[in-house]
Amino acid sequence: MSSEGISAASASTIAREVKRRRTFAIISHPDAGKSTMTEALALHARMISEAGAVHGKGGRRSTVSDWMEMEKARGISVSSTALQFNYTPTGPDGREPVSDDEPNVINLVDTPGHSDFSEDTYRVLTAVDAAVMLIDAAKGLEPQTLKLFQVCRHRGIPVITVINKWDRPGRSPLELIDEITERIGLIPTPLYVPVGIAGDYRGLLDRRTGDFVKFTRTAGGSTIAPETVLSPAEALASEGDAWTAAVEESELLGEMGQDHDQEMFLAGQTSPMIFTSAMLNFGVRQLLEALVEFAPAPAGRTGIDDVERAVTDPFSAVVFKVQAGMDSSHRDRLAYMRIVSGEFERGMVVTHAQTGKPFATKYAQAVFGRDRSTVDTAYPGDVVGLVNAMALAPGDTLFTDPKVQYPPIPSFAPEHFSALRVTTADKYKQFRKAIDQLDAEGVVQVLRNDLRGDASPVLAAVGPMQFEVVTARMKTEFNVDTVIEPLGYSLARRTDEASAPELARQRGVEVFHRSDGAILALFSDKWRLQFIEKEFPSLTLAPLVAAAD
Ligand code: G4P
C-alpha cells in the first residue's frame, strides 16, 4: 500500500502491461494522409466499424481535435490528443486473430499539423517511443516531414517509414528510397515491396516469406480490405510482370543489404518501410504489425539527479502538453502526462516535483478530439489528461515517493516577435491573468522589460499563428480585446545580467526577461548580431535550443 492508501500493482503486472504497449506519433507534412491513416488504424483495431468517423470526405472531418473555431475554419489541428486502442495481431485475411495472447495496447499521440505549432510537436515527440514518418508517394520528403524527422533523430526516436497514397500515381520505390537515403542519411529497409506501380496497387510481396499478399478493394475503402496470400508461383500466374518487377526489386534491396536489422533501427540508422493506401486501407495491418513487432516498448528514464527510474518503479510521469479551452461550455485546463513508471490509478495523490505540492488526480481522462472518457488505471507509455491542472506546465514531473524530477523540455528558438496590446481599457487585470496562463501553458513565450512595462509584453513564437491563438483565446476565454503589433526583430540569443546593459545600448537590439528566468537579447537581423559579436566579443550571446540541435 502506498501512503495514499492505494494498492500498488506488483512489478510483474506493470512489466506485463509495459511489454504490450507501444506509444508512437505520426510525423508528416500536411496532406500526406495523417488523419486518414489515424482513422485506418482505428478501423483495423476494430475501434470503429467504418471509415468516415474520424475523417472523411467533405464535411465529415469532424471529431479530430477541432476544439477551436479557428482550427475548424482552417481545417488544421492545433491541439495534441492521444488515441488508445487495443490491437491483436490478425491473420493475413484480416479476420482471425493469430494469437491468444493479450492484445497490444497502442497509444497514438497526435501532433499538430501546422508548422507554426512545431514547438507543440516537439513536446509531443518527448512523449513517444517511436515515430511513423508518413510520406506522400508522389511528393517524397517535404519540409515539415524533414523538420520533424530531425527532431526524432535528435531525440533518438526510431522511425518507421510509410509511403502513403500508393493507389495514386507517384514515384518508384527505388527513387523514394534513394531520396530518403541521400537527403537524411536514413536507410530504408522495406519489409514489403509493393506489387504494382504507384497508381496500380495490387498487394505486397512479403520479403520475409516471399509470398504475395493480395488486397481486395472494398466499397469506398470504408472497411478493412480483405487479404489473400498467394505463393510466388500463384502470384506470378496472377500478376505477371508486376510480380516479376517486385521480386527483382526485393532481390536488389537484399543485395544492397537493405534488410531489417533491429539494432540499426533502434539506433536510428535504418527504417522499416511500408507502402500503404490509407484511403483504401491497404498496408495498414502491416504497419500495425511492424509497430508491435519492432517499435520499442516504453522504457524508464533518468532524472536530473542522474538516478534511473525503471518502468516498474513507483509512479512517475512527465507533462508534455497543457491546453485550455477545449470545451467552451466549461472553461478548464487540461494537462497531458505521459506515464514513465509505475501504475497510475485515478484518485491517487501525486507530488508535483516543481512545487513539491500534492496534486489530486480525481479527474483523469483519456482524450481524443472532443471525446473524453474517464481513465481508472494506466501504465507506462499511456497518456492521461488531467483536468483543472492549473499548476502544471509542459516539462513538469509528477511522482509518488521516492522523488524524481525529469529534465525540462527545451523550448524552441523563437523567430517571430510581437508586442501584445490590450485595447479594452478596463480589462487590464484580466489581461494580466490571461497572459500568465497562456505563458504557463507554453502557448507562446512571454518577454518583458522595464521600458515596455507590463501593459504591453512581447510575445515570442516559432510561428506567427501562435499569436492568433493568443488573441483568439484572449477574446473567447477572458473577454479581452487585444492587438498584435509585429516588432522588427528576427532572432534571439540568450545572454546574462553582466552583458545586458551593453546590449541594451545597441541599436537594433532589445533585452528582455523571460518568465523562466532566461535573459534574451532580440536582434533585428543576423548582420546586426554578427556586428555586435565582432565589436563586443566578451558579451554572452548563446544560441537558443532549436529543434534540430
Ligand atoms: P493530413 O491529415 O495529413 O493533412 O491528410 P488527410 O488525411 O486529411 O489527407 C489529405 C488528402 O489526401 C485527403 O483528400 C485524403 O482523402 C487524401 N488521402 C489520404 N490518404 C490517401 C491515400 O492513401 N490515397 C489517396 N488517393 N488519397 C489519400 P482531400 O481531397 O483533401 O480530402 P477528402 O475530401 O478526401 O477528405
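Everything numeric in this text was worked out from a predicted model, so none of it was measured.

Colleague: Tell me about the sheet that holds strand β4 (residues 130-136), and name the residues and values.
Modeller: Pairing is mixed in the open sheet, where seven strands are placed in the order β2-β3-β1-β4-β5-β11-β6. Strand pairing shows two members of the sheet lacking a second neighbour, β2 (82-87) and β6 (187-190), which therefore form its edges. The average undirected angle you get between the axes of adjacent strands in this sheet is 30°. Looking at chain direction, β4 and strand β5 (residues 159-164) are connected through six bridges and run parallel. The residue bridging methionine 133 from the neighbouring strand is threonine 161, located in β5. Across the sheet, helix α2 (residues 34-44) touches β1 (21-28), β2, β3 (104-109), β4 and β5, and the angle it forms with β1 is around 155°.

Colleague: Lay out the nonpolar core with the relevant residues and their values.
Modeller: Of all hydrophobic cores here, the largest spans 86 residues; its most connected members are Phe24, Met37, Leu41, Leu125, Met133, Ile163 and Leu287. Those residues within four positions of methionine 133 in sequence are excluded, and the remaining contacts are Ile27, Leu141, Thr145, Phe149, Val159, Ile160, Thr161, Val162, Ile184 and Leu186. In terms of nonpolar packing, the next biggest core, distinct from the first, is built from 18 residues, Met337, Ile339, Val384 and Leu386 among them.

Colleague: Before we move on, can you summarise helix α5 (residues 143-155) with the specific residues and values?
Modeller: The terminal C-alpha atoms of α5, which comprises 13 residues, lie 19 Å apart, in line with the 18 Å expected from a rise of 1.5 Å per residue. Residues Gln144, Thr145, Leu146, Leu148, Phe149, Val151 and Cys152 constitute the buried set of α5. Backbone geometry just downstream of α5 places glycine 156 in the positive-phi region, at approximately 70°.

Colleague: Go over the packing of α2 against helix α10 (residues 284-294), please, and point to the residues and values.
Modeller: For the pair α2 and α10, the least separation of the axes is 9 Å and the interaxial angle reads 80°. In terms of axis orientation, α2 runs roughly perpendicular to α10. Side by side, α2 and α10 meet where Met37, Ala40, Leu41 and His44 of the first sit next to Val284, Arg285, Leu287 and Leu288 of the second. Class assignment of the residues belonging to the contact of α2 with α10 gives a composition of six nonpolar, one polar and one charged.

Colleague: Help me get a handle on the sheet that holds strand β26 (residues 458-461), residues and values and all.
Modeller: With antiparallel pairing, the eight strands of this open sheet are ordered in space as β27-β24-β26-β25-β29-β30-β28-β31. Among the strands making up the open sheet, the edge pair consists of β27 (482-486) and β31 (542-543). Pairing of strand β24 (residues 416-422) with β27, which is carried by five bridges, proceeds in the antiparallel orientation. Its bridge partner lying in β27, valine 422 is registered against threonine 482. Its contacts with the sheet put helix α12 (residues 465-478) on β24, β26 and β27, and the angle it makes with β24 is roughly 15°.

Colleague: Got a sec to walk through the packing of aromatic side chains? Specific residues and values, please.
Modeller: This model, assessed by the stated rule, comprises seven aromatic pairs. Pairing tyrosine 201 with phenylalanine 215 gives two aromatic rings, centres 5.7 Å apart and planes at 85°, and the pair type is edge-to-face. Linking tyrosine 201 in the loop between β7 (192-195) and β8 (203-206) with phenylalanine 215 in strand β9 (residues 212-215), this pair joins segments that are 14 residues apart in sequence. Classification of phenylalanine 215 as buried rests on a relative accessible area of 6%. Pairing tyrosine 201 with phenylalanine 282 gives two aromatic rings, centres 5.3 Å apart and planes at 75°, and the pair type is edge-to-face. Of the two residues, tyrosine 201 is situated in the loop between β7 and β8 and phenylalanine 282 in the loop between β11 (270-275) and α10; the sequence distance between them amounts to 81 residues. Each member of the pair tyrosine 201 and phenylalanine 282 is classed as buried.

Colleague: Account for the packing of helix α11 (residues 428-441) against α12, with residues named and values stated.
Modeller: Axis separation between α11 and α12 bottoms out at 11 Å; the angle between their running directions is 125°. Here α11 is positioned oblique relative to α12, judged by the angle of their axes. At the point where α11 passes α12, the crossing takes the right-handed sense. Contact with α11, carried on its side by Gln430, Phe431, Ala434, Ile435, Gln437, Leu438 and Glu441, involves Val470, Arg473, Met474, Glu477 and Phe478 of α12 and no other residues of that element.

Reading the values: rules and limits
Residues numbered from 1 in each chain as written. Predicted model: local features only at pLDDT ≥ 70, side-chain atom pairs only at ≥ 80, totals over all residues. Heavy atoms only, no water. Pairing = 2+ DSSP bridges. Helix = DSSP H or I, 4+ residues; strand = E, 2+ residues; numbered from the N terminus. Axes fitted to C-alpha atoms, helices over the stretch in contact; angles between N-to-C directions. Contact = heavy atoms within 4.5 Å. Core = buried A, V, L, I, M, F, W, Y, C linked by side-chain atoms within 4.5 Å. Buried < 20%, exposed > 50% of the residue type's maximum accessible area, 1.4 Å probe, protein only. Expected span 1.5 Å × (residues − 1). Parallel < 35°, antiparallel > 145°, perpendicular 65-115°, else oblique. Nonpolar A, V, L, I, M, F, W, Y, C, P; charged D, E, K, R; others polar. Phe/Tyr/Trp six-rings, centres within 6.5 Å; stacked < 30°, edge-to-face > 60°. Left-handed = near helix turned anticlockwise from the far one by under 90°.

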